[in-house]
Amino acid sequence: MQQSTARWRAAWPQALAVWSRYTHLHDPRLCASTLAAAKAGLHGSFAMIRLADQSVVIDLEAVRNYGLDDYAVEILAHEIGHHVLAPGNATDHMRMLARIRHGLPSLEEQAPLVANLYTDLCINDRLQRQGGLRMADIYRALARASTPRNPMWTFYMRLYEHLWQLGRGTLAGESVTEAIDADAWLGARLVRAYAEDWMTGAGRFAALVLPYIADDAGRLAALHALHDTETAAAGCAPGAVHEVEDGEADAALHPAHDPRVTGEDGEPAEAPPAHGPGQAREPFEYGAILKGAGIALTDHEIAMRYYRERAQPYLIPFPRRRAPTAGEPRIAAVEPWDIGEPLDRIDWLHSLMLSPRPIPGVTTVQRGIETDAGTEETPMPVDLDLYVDSSGSMPDPQVATSYLALAGAIVALSALRAGASVQATLWSGTGQVTVTDGFVRDADAVLRVITGCFGGATAFPIHRLRDTYAAGPRRRPTHILMISDAGIDTMFADDERGNSGWDVAATALRHARAGGTMALNIPEDWPTLALVQSRYANPWKTLVRASDEQRWDVEAVADMAQLVAFAAAFSRRRWADAAGRGGSR
């Protein structure tokens, strides 16, 4: 085993040089056993890449079992290709997965495997033709090691035969039909046509293999021996992939309709409808892409990352530190000068007046200089007390876009950026409430609360408002923000102790000392609705009274999506001055 490890280590510089003499990566992690490879995160395949630390992991025991021990340069060069060529980095890996998902309707969970098969094609074709490596021999060995002979495998091997001009059946065996042969020819043309633009070709490849994936969905697990990018992005912090980018709309164009592949004149046929550029993915789509790339997060953690990314463009600028205005220097009284201080600080006139024979540290003095204190102070940011409705009428932030959660994220993250503290409360029915540990400076703690979901009845947690301000006025001015709908009127009911919610709200506003706002999904003409007589409860009358008597600022948004514009404008008004960029409270 030591000889085998030494041989693979010796092959590493040669594998790097296949790509470029300037290619530098960490030395590969060569695991002597499958158990050791599993501890390194490698499962199912005999090799893998880690984009987080640009590493290659090899299971030498599995390599030996597949009969590939003599192909060290080929296997290492292939893994290096995933770092150098495709996918290259975690963000591009997830961009590719997004395109491939468009080409696999109802089978999107197979996107990671299809992405791996596609990038393998791009890498192996370059290594076989330009690097002169024995990539075809590796697939011959894999076929001998009982790789399944199903239509997907046959199609994939026939595609390689077209790429490398191998005889029919050399890799694919005897099961090649005319339909498989035609599709494999298209696939080979696609790989060559998009060799320098592999990202665009990814969705087209997915559309081509869709029938084979559908037919073999139950037997695809056996192909995981090839899946060396299954957990490629584990530990990575990808760029913003929540947004559908330009080019995804035609990602799933079938190669048969692509003149760039077929060589025919004309414009490509229209692709299946998809999101347009600039639109945001839904949280469940975003989560599927992250999980497909190997990022192991819970649905709640994914939602936290999703709303943080979506909030970023709307946040106030980062603060600029303000220095006090420098005062005028003035001469102060003399003070002792001691050995070790700069010689030019000695006041010789006063020192000689004390003694004609100066003794350092005893009769030597220096003149002190004082400076008036500056006059400009950094403004104190207003803290935020945030209440987000999570009743049954609101979407689950972990599945579909919740503009309440997004607005809450924009406002809370802006407040934290300005130096304020935030208390976040998520509420629904009686007893359904989650809150941060008081006023905090932890963005994750705030996002964890506002991206939760109850989906129950509607009963505002009056006790939270009561207990927050029961001790009297807060030391720091605090603004209270409610994000809800007409159900906010439940905050004016009696609490569990029989206290009037109306009085609790009035006390909270008084002790918060910076006002209160209600951003509500209600009709814009809600004051007019308060004039309508009804024998049922009329929340509009309650809101009018709260606005007039308690001075709540009621912001009506007829469409939930308008909460984003409200949150951005609210943040600028409230905290732009604390960020040093002007604005007013």
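What you are looking at is a predicted structure, and each value in this text was computed from that prediction instead of being measured.

Asks: Could you give me a rundown of the sheet that holds strand β2 (residues 47-50), with the residues and numbers involved?
Replies: Within a beta sheet, neighbouring strands are joined by backbone hydrogen bonds and run either parallel or antiparallel to one another. Overall, mixed pairing links the 3 strands, which are arranged β1-β3-β2 in an open sheet. In this open sheet, the two edge strands, each paired with only one partner strand, are β1 (29-31) and β2. Taken over all neighbouring pairs, the strand axes of this sheet differ in orientation by 15° on average, direction set aside. As paired elements, β2 and strand β3 (residues 55-59) share 4 bridges and run antiparallel to each other. Paired with Ala47 across the bridge in β3 is Ile58.

Asks: So, the pairing of β3: which residues are in play, and what are the values?
Replies: Summarising burial for β3: 5 of the 5 residues are buried, a large majority. Of the two faces of β3, both are covered, the one formed by Ser55, Val57 and Asp59 as well as the one formed by Val56 and Ile58. Note that β1 and β3 share 3 bridges and pair parallel. The residue bridging Arg29 from the neighbouring strand is Val57, located in β3. Once β2 ends, the chain turns through 4 residues before running back antiparallel as β3, passing Gln54 with a positive phi of about 50°.

Asks: Please set out the packing of helix α1 (residues 2-19) against helix α4 (residues 72-84) residue by residue, giving values where relevant.
Replies: Look at α1 against α4: their axes get within 8 Å of each other, and the N-to-C directions meet at 50°. With respect to α4, the axis of α1 lies oblique. Note that α1 runs across α4; the crossing there is right-handed. Here Trp8, Ala11, Trp12, Gln14, Ala15, Leu16 and Trp19 of α1 come into contact with α4, specifically with Ala72, Val73, Ile75, Leu76, Ala77, Ile80, Gly81 and Val84. Here the residues of the contact of α1 with α4 are counted per class, giving 13 nonpolar, 2 polar and no charged.

Asks: Tell me about the packing of aromatic side chains, and please be specific about residues and values.
Replies: Inspection of the entire model under this criterion finds 13 aromatic pairs. Between Trp427 and Phe460, the ring centres sit 5.2 Å apart and the planes meet at 70°, which makes this aromatic pair edge-to-face. On the criterion of sequence distance, the pair formed by Trp427 in strand β7 (residues 422-427) and Phe460 in the loop between α16 (443-450) and α17 (462-468) is long-range, its members being 33 residues apart. With respect to class, Trp427 is no different from Phe460; both count as buried. Residues Phe492 and Trp502 carry aromatic rings whose centres are separated by 5.2 Å and whose planes lie at 50° to one another, so their mutual orientation is tilted. Taken together, the residues span a long stretch of sequence, with Phe492 in the loop between β9 (478-485) and α18 (501-512) and Trp502 in helix α18 at a distance of 10 residues. Like Phe492, the residue Trp502 is buried in the burial classification. Over the aromatic face of Phe439 sits the side chain of Arg474, whose NZ or CZ is 3.7 Å from the ring centroid. Directly above the aromatic system of Trp502 lies the positively charged group of Arg545, at a separation of 3.9 Å from the ring centroid.

Asks: For the pattern of salt bridges, give the residues involved together with the corresponding values.
Replies: Pairing between side chains of opposite charge can happen when the charged atoms of each approach one another. This model, assessed by the stated rule, comprises 25 salt bridges. Among the ionic pairs, Asp69 bridges to Arg7, the shortest N-O distance being 2.6 Å. Residue Asp69 is found in the loop between α3 (60-65) and α4, and its partner Arg7 is found in helix α1; the two are separated by 62 residues along the sequence. Given the relative accessible area of 18%, Asp69 is considered buried. Salt-bridge contacts for Lys291 lead to Asp299; the nearest nitrogen and oxygen are separated by 2.7 Å. Taken together, the salt bridges that share partners define one network made up of Arg466, Asp467, Asp495, Glu496 and Arg497.

Asks: Break down the pairing of β9 for me, citing the residues and quoting the values.
Replies: Within β9, 8 of the 8 residues are buried, leaving the element largely enclosed by the surrounding structure. Neither face of β9 is exposed, since Thr478, Ile480, Met482 and Ser484 on one face and His479, Leu481, Ile483 and Asp485 on the opposite face are all buried. The pairing of β9 with strand β10 (residues 513-521) spans 7 bridges and is parallel. Along β10, the bridge assignment pairs Leu481 with Thr517.

Asks: Describe the confidence of the model for the protein, with residues and values.
Replies: Overall, the predicted model of the protein reaches an average pLDDT of 89, with 90% of residues at or above 70. Every residue in residues 581-585 scores below 50 in pLDDT, and together they form 17 contacts with partners more than four places removed in sequence or on other chains.

Asks: So what's going on with the packing of helix α15 (residues 403-417) against helix α21 (residues 562-575)? Residues and values would help.
Replies: To describe two helices that pack against each other, one gives the angle between their axes and the distance between the axes. Contact pair α15 / α21: the axes reach a minimum separation of 9 Å and the direction vectors enclose 15°. Between α15 and α21, the angle is such that the two are roughly parallel. Two packed elements cross with a definite hand, and for α15 against α21 that hand is right-handed. The segment α15 lies against α21, with Tyr403, Leu404, Leu406, Ala407, Ile410, Val411, Ser414 and Ala415 engaging Leu563, Val564, Ala567, Ala568, Phe570, Ser571 and Trp575. Of the residues belonging to the contact of α15 with α21, the class tally is 13 nonpolar, 2 polar and no charged.

Asks: Got a sec to walk through the sheet that holds β7? Specific residues and values, please.
Replies: The strand order across the open sheet built from 6 strands is β8-β7-β6-β9-β10-β11, with neighbouring strands paired in mixed fashion. The strands lining the two open edges of the sheet, one partner per strand, are β8 (433-435) and β11 (553-556). Shown here is a sheet whose adjacent strand axes are inclined to one another by a mean of 15°, direction ignored. Contacts from α15 reach β6 (383-389), β7 and β9 within the one sheet, and its direction differs from that of β6 by about 170°.

Asks: Describe helix α5 (residues 90-102), with residues and values.
Replies: Spanning 13 residues, α5 covers 19 Å between terminal C-alpha atoms, matching the ideal 18 Å at 1.5 Å per step. Among the 13 residues that make up α5, 10 are buried, leaving the element largely enclosed by the rest of the structure. Within the sequence span of α5, burial applies to Ala90, Asp92, His93, Met94, Met96, Leu97, Ala98, Arg99, Ile100 and Arg101. Those residues of α5 that are buried are in contact with α6 (111-129), α10 (198-215) and α12 (283-292). You can read the cap of α5 off the contacts: a side-chain oxygen lies 3.2 Å from the backbone nitrogen of Thr91, and it is on Asn89.

What counts and how
Residues numbered from 1 in each chain as written. Predicted model: local features only at pLDDT ≥ 70, side-chain atom pairs only at ≥ 80, totals over all residues. Heavy atoms only, no water. Pairing = 2+ DSSP bridges. Helix = DSSP H or I, 4+ residues; strand = E, 2+ residues; numbered from the N terminus. Axes fitted to C-alpha atoms, helices over the stretch in contact; angles between N-to-C directions. Buried < 20%, exposed > 50% of the residue type's maximum accessible area, 1.4 Å probe, protein only. Parallel < 35°, antiparallel > 145°, perpendicular 65-115°, else oblique. Left-handed = near helix turned anticlockwise from the far one by under 90°. Contact = heavy atoms within 4.5 Å. Nonpolar A, V, L, I, M, F, W, Y, C, P; charged D, E, K, R; others polar. Phe/Tyr/Trp six-rings, centres within 6.5 Å; stacked < 30°, edge-to-face > 60°. Lys NZ or Arg CZ within 6 Å of the ring centre and 35° of its normal. Salt bridge = Lys/Arg side-chain N within 4 Å of Asp/Glu carboxyl O. pLDDT = per-residue confidence, 0-100. Expected span 1.5 Å × (residues − 1). Polar contact = N/O pair within 3.5 Å; in protein donor to acceptor, adjacent residues only side chain to side chain.

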